[in-house]
Amino acid sequence: MSVQAYAVRDEQRPPDNLLLQVVQRGLRSQPKRLPSWLFYDERGSALFEQICEQPEYYLTRTEIALLNQHAGDIAEVLGPDVRLVEYGSGHAIKTRLLLEHLSTPVAWVPIEISSEPLRHSMERMAGHFPHLPIQPLAVDFTRPLRLPVPPRAPRRTVVFFPGSTIGNFEDRESAQLLRKMRSEMGDNGGVLVGVDLKKDRATIEAAYNDRAGVTSAFTLNMLVRLNRELGCNFDLSAFRHRARYNAIAGRIETHIVSEQEQRVRVGRLQVLFREGEAMLVEYSCKYSLEDFAALAATAGLAVQHVWFDPERMFSLQYLTRAT
């Protein structure tokens, strides 16, 4: 196993006082909102992996189908001697499909906010690619990064961002993140990003409201985390998950909804929730090809290649610096 900086540090978790400030600020805002990175404690990460296995959640299986069909073509476009920097690596199933086709990759740099999934994915990947240098970072990829020094000079650095996670940000934030990638990839680099495409409302909403209730458990686990880490007293039975598609904005909007009027302790703050009050916890944007090309352009990037799954529900798009 070739791993540099193998001791994965939990650098992503803010100090308790900072976490409390973030949560209190979000609960004071109107309307209330909390950042989606709060989903990803150890249990939340495990629940998300279960979401990806639900029959309604088309995103994972369509992206895997896409890679099964096109990974060879993608690898040919990326070329040899690539340093692959992956945002939100998770279990890295899709990464393995890509790495199997890359010629002489320089290193894989998995960046994951949860250290346990990062350790597990590293171990699995090392079993598949025993000679591949792995340089993990247990950090929040939206923050400034110091990428590790590669073991040899790469021909190009490619930022890999699968899963349509780019859609979890508002347009302004997505553009900022793409500009950050543009800086990290360097002059000759690129960005390979998963982009979920617009489709009928029923298909989209079903993906975020699975019959087994896994997505609901995932959403409400945010409150479990706040109870555990901040000593809050959220009553899970008094809140519910809600995910609806906003066709005008082109996005799923996920809320935690209060079932009754109640007060919740958050540090020294007593937060009033009205009956039916909805707290925003995540966006999941869907794009047309024109939408995403315009977003990329605001970050100084241009779409060079687009690959689709067989049903054209999802895309992988390769971006380079705009000329």
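Residues numbered from 1 in each chain as written. Predicted model: local features only at pLDDT ≥ 70, side-chain atom pairs only at ≥ 80, totals over all residues. Heavy atoms only, no water.

1. Some remarks on the pairing of strand β3 (residues 156–161)
Then, number 1: Among the 6 residues that make up β3, 6 are buried, leaving the element largely enclosed by the rest of the structure.
Then, number 2: Of the two faces of β3, the one carrying Arg-156, Val-158 and Phe-160 and the one carrying Thr-157, Val-159 and Phe-161 are both buried.
Then, number 3: For strand β1 (residues 82–87) and β3, the ladder comprises 5 bridges, and the chain directions are parallel. By the bridge assignment, Glu-86 is partnered in β3 with Phe-160.
Then, number 4: Both β3 and strand β4 (residues 190–196) contribute to a ladder of 4 bridges, which runs parallel. Paired with Phe-161 across the two strands is Val-193, which belongs to β4. (Buried < 20%, exposed > 50% of the residue type's maximum accessible area, 1.4 Å probe, protein only. Helix = DSSP H or I, 4+ residues; strand = E, 2+ residues; numbered from the N terminus. Pairing = 2+ DSSP bridges.)

2. Some thoughts on the packing of helix α2 (residues 42–51) against helix α8 (residues 214–230)
Pairs of packed helices are described in terms of their axes, by the angle between the two and the distance that separates them.
Then, number 1: With their axes 9 Å apart at the nearest point, α2 and α8 run at an angle of 160 degrees to one another. Our classification of the angle between α2 and α8 gives roughly antiparallel. When the axes of α2 and α8 are compared, the crossing they make is left-handed. Along the contact surface, α2 presents Arg-43, Gly-44, Leu-47, Phe-48, Gln-50 and Ile-51, while α8 presents Val-214, Thr-215, Ala-217, Phe-218 and Asn-221.
Then, number 2: Class assignment for the residues of the contact of α2 with α8 results in 6 nonpolar, 4 polar and 1 charged. (Axes fitted to C-alpha atoms, helices over the stretch in contact; angles between N-to-C directions. Parallel < 35°, antiparallel > 145°, perpendicular 65-115°, else oblique. Left-handed = near helix turned anticlockwise from the far one by under 90°. Contact = heavy atoms within 4.5 Å. Nonpolar A, V, L, I, M, F, W, Y, C, P; charged D, E, K, R; others polar.)

3. Quick word on the pattern of salt bridges
Then, number 1: Per the counting criterion, the structure on display carries 18 salt bridges.
Then, number 2: The residue Asp-196 makes a salt bridge to Lys-199 at a minimum N-O spacing of 2.8 Å. For the pair formed by Asp-196 and Lys-199, the shared burial category is buried.
Then, number 3: A salt bridge links Glu-259 to Arg-240; the shortest N-O distance between them is 3.1 Å. Of the two residues, Glu-259 is situated in the loop between β6 (251–258) and β7 (262–266) and Arg-240 in strand β5 (residues 239–246); the sequence distance between them amounts to 19 residues.
Then, number 4: We classify Glu-259 as partly exposed; its relative accessible area is 39%.
Then, number 5: Overlapping salt bridges, with partners in common, bring together Asp-41, Arg-225, Arg-228 and Glu-229 in one network. (Salt bridge = Lys/Arg side-chain N within 4 Å of Asp/Glu carboxyl O.)

4. Things to note about the confidence of the model for the chain
Do not read the predicted coordinates in detail wherever pLDDT is low.
Then, number 1: Averaged over every residue, the pLDDT of the chain is 92; residues scoring 70 or more account for 95%.
Then, number 2: Low pLDDT (under 50) marks residues 1–12, which in the prediction has 41 contacts with non-local residues, meaning those over four places away or in another chain. (pLDDT = per-residue confidence, 0-100.)

5. Some points on the packing of aromatic side chains
Then, number 1: Under the defined criterion, the tally for this structure stands at 14 aromatic pairs.
Then, number 2: On the basis of an interplanar angle of 85 degrees and a centroid distance of 6.4 Å, the ring pair of Phe-48 and Tyr-57 is categorised as edge-to-face.
Then, number 3: Judged by its relative accessible area of 7%, Tyr-57 is buried.
Then, number 4: Ring plane angle 65 degrees and centroid distance 5.7 Å describe the contact between Phe-234 and Phe-239, whose orientation is recorded as edge-to-face.
Then, number 5: These aromatic residues form a ring-pair network of at least three members: Phe-39, Tyr-40, Phe-48, Tyr-57, Tyr-208 and Phe-218. (Phe/Tyr/Trp six-rings, centres within 6.5 Å; stacked < 30°, edge-to-face > 60°.)

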